[in-house]
Amino acid sequence: MNEEKITINKDETIMKSKCPVCNTEDTLHVTNKTDNIPYFGDILETSVYCTKCGYQESDNICLEKKDPIHYTLTITQEKLNTRIAKSQTATITIPELGLKVEPGPKSQGYVSNIEGIITRFEDAIQRALTLETENPEAINNANKILEKINNIKNGNGTATIIIADPFGHSVIDDKQAIKRSLTQEEINELDTGFVMLDE
């Protein structure tokens, strides 16, 4: 495979290569760019686009490794606007609701607030309900979780949000958030979203 590499500046390069979808030479434009983003630090932004078939994909990878971190905060209606930076390696858990999201190979980092994260869970549950039509117990459990989420949003309930990040890029930006280091045992039990290679 022939690749043409073009360096725009020290922080951005573009390569042309063969598209994995349409198999056309030199139509896949791969752009790598480094940037510094609040909360996440230095990141590598990679985007690919085929000028022939339109295939495109993008990914962001944190380049800095920080100390493993664990955050806990009680969710109340007043805390719904609390800002959260969730990296691509973080696990988010709301134990009272039985909700947990772990990073997968395509996991991406984002900055949101607690309400935004709860809404993501809510949307996922509602999508699952449209597929789950023959299991009354699962439907009942899903509806109970949705009711608890609605109660929290309306100020009639609380829950705990936990973020565990082995690479330390995630943050719950609230003075009342409890921050501590992850233990090695906790780190070993976490998924990171990608393969780690020891040096």
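Look above for the structure.
Residues numbered from 1 in each chain as written. Predicted model: local features only at pLDDT ≥ 70, side-chain atom pairs only at ≥ 80, totals over all residues. Heavy atoms only, no water.

Student: Looking at this structure, how should I read the overall build of the chain?
Tutor: Across its full length, the chain carries 3 helices and 13 strands. When burial is assessed residue by residue, the chain has 38% of its 199 residues classed as buried. Summarising the internal contacts of the chain: among those between residues at least 6 apart in sequence, 58% fall at separations of at least 24. Accessible surface computed for the chain: about 12000 Å², of which carbon and sulfur atoms make up 47%. (Helix = DSSP H or I, 4+ residues; strand = E, 2+ residues; numbered from the N terminus. Buried < 20%, exposed > 50% of the residue type's maximum accessible area, 1.4 Å probe, protein only. Contact = heavy atoms within 4.5 Å. Areas by Shrake-Rupley, 256 points an atom, 1.4 Å probe, with all protein chains shown as cover.)

Student: Teacher, can you tell me more about the sheet that holds strand β8 (residues 91–94) here?
Tutor: Paired through backbone hydrogen bonds, the strands of a sheet run either parallel or antiparallel to each other. Across the sheet, 5 strands lie side by side as β9-β8-β11-β6-β13; this open sheet has antiparallel pairing. With partners counted over all chains shown, the strands left at the sheet margins are β9 (99–101) and β13 (178–181), one partner each. Geometrically, the sheet is characterised by an average inter-axis angle of 15° between neighbouring strands, direction not taken into account. Across 4 bridges, the pairing between strand β6 (residues 69–75) and β13 is antiparallel. If you follow T72 over to β13, its bridge partner there is I178. (Pairing = 2+ DSSP bridges. Axes fitted to C-alpha atoms, helices over the stretch in contact; angles between N-to-C directions.)

Student: Where do I start with the nonpolar core in this structure?
Tutor: The nonpolar side chains of a soluble globular protein tend to be buried, and buried together. The biggest cluster of nonpolar side chains holds 29 residues, and the ones touching the most others in it are I75, I94, L99, I114, I161 and I172. Other than its neighbours up to four places away in sequence, I114 contacts L73, I75, K79, L80, T82, I84 and I161. Membership of the second largest hydrophobic core comes to 6 residues, among which are M15, L28, V30 and V48. (Core = buried A, V, L, I, M, F, W, Y, C linked by side-chain atoms within 4.5 Å.)

Student: Quick question: what am I supposed to make of the packing of aromatic side chains here?
Tutor: The relation between two aromatic rings is expressed through the spacing of the ring centres and the mutual angle of the planes. Applying the stated rule across the entire model yields 0 aromatic pairs. One Lys or Arg, R120, reaches over the ring of Y110 and ends 3.7 Å from the middle of that ring. (Phe/Tyr/Trp six-rings, centres within 6.5 Å; stacked < 30°, edge-to-face > 60°. Lys NZ or Arg CZ within 6 Å of the ring centre and 35° of its normal.)

Student: Help me understand the side chain of S170, please; the structure alone is not making it clear to me.
Tutor: Note that S170 resides in the loop between β11 (159–165) and β12 (171–173). You can call S170 buried: its relative accessible area is 1%. Of the polar contacts made by the side chain of S170, one reaches the backbone nitrogen of S87; its length is 3.0 Å. In this structure the side chain of S170 is engaged in a polar contact, spanning 2.8 Å, whose partner is the side chain of D165. Among residues more than four places away in sequence, those in contact with S170 are I69, Y71, A85, K86, S87, A90, I163 and D165. (Polar contact = N/O pair within 3.5 Å; in protein donor to acceptor, adjacent residues only side chain to side chain.)

Student: What is the right way to look at helix α1 (residues 114–131) in this model?
Tutor: Along an α-helix, a turn takes 3.6 residues, which lines up residues three or four apart on a common side. Relative to the 26 Å expected for 18 residues at 1.5 Å per residue, α1 spans 26 Å between its end C-alpha atoms, a close match to the ideal helical length. Here α1 has its buried residues at I114, I117, I118, F121, E122 and I125. Around the axis of α1, the buried residues are gathered within 140° of arc, so they sit on the same side. In α1, the exposed residues that point more than 90 degrees away from the buried face are R127, T130 and L131. (Expected span 1.5 Å × (residues − 1). Arc of directions from axis to C-beta.)

Student: What's the story with the sheet that holds strand β10 (residues 110–113) in this structure? I'm lost.
Tutor: Pairing is antiparallel across the open sheet formed by 3 strands, whose spatial order is β10-β7-β12. With one partner strand each, in any of the chains shown, β10 and β12 form the two edges of the open sheet. Here the average twist between neighbouring strands, direction ignored, is 20°. Pairing analysis gives 4 bridges linking strand β7 (residues 83–86) to β10, with the strands arranged antiparallel. Note that in β10 the partner of R83 across the bridge is N113. Together, β7 and β10 form the strand contacts of α1, whose direction differs from that of β10 by roughly 100°.

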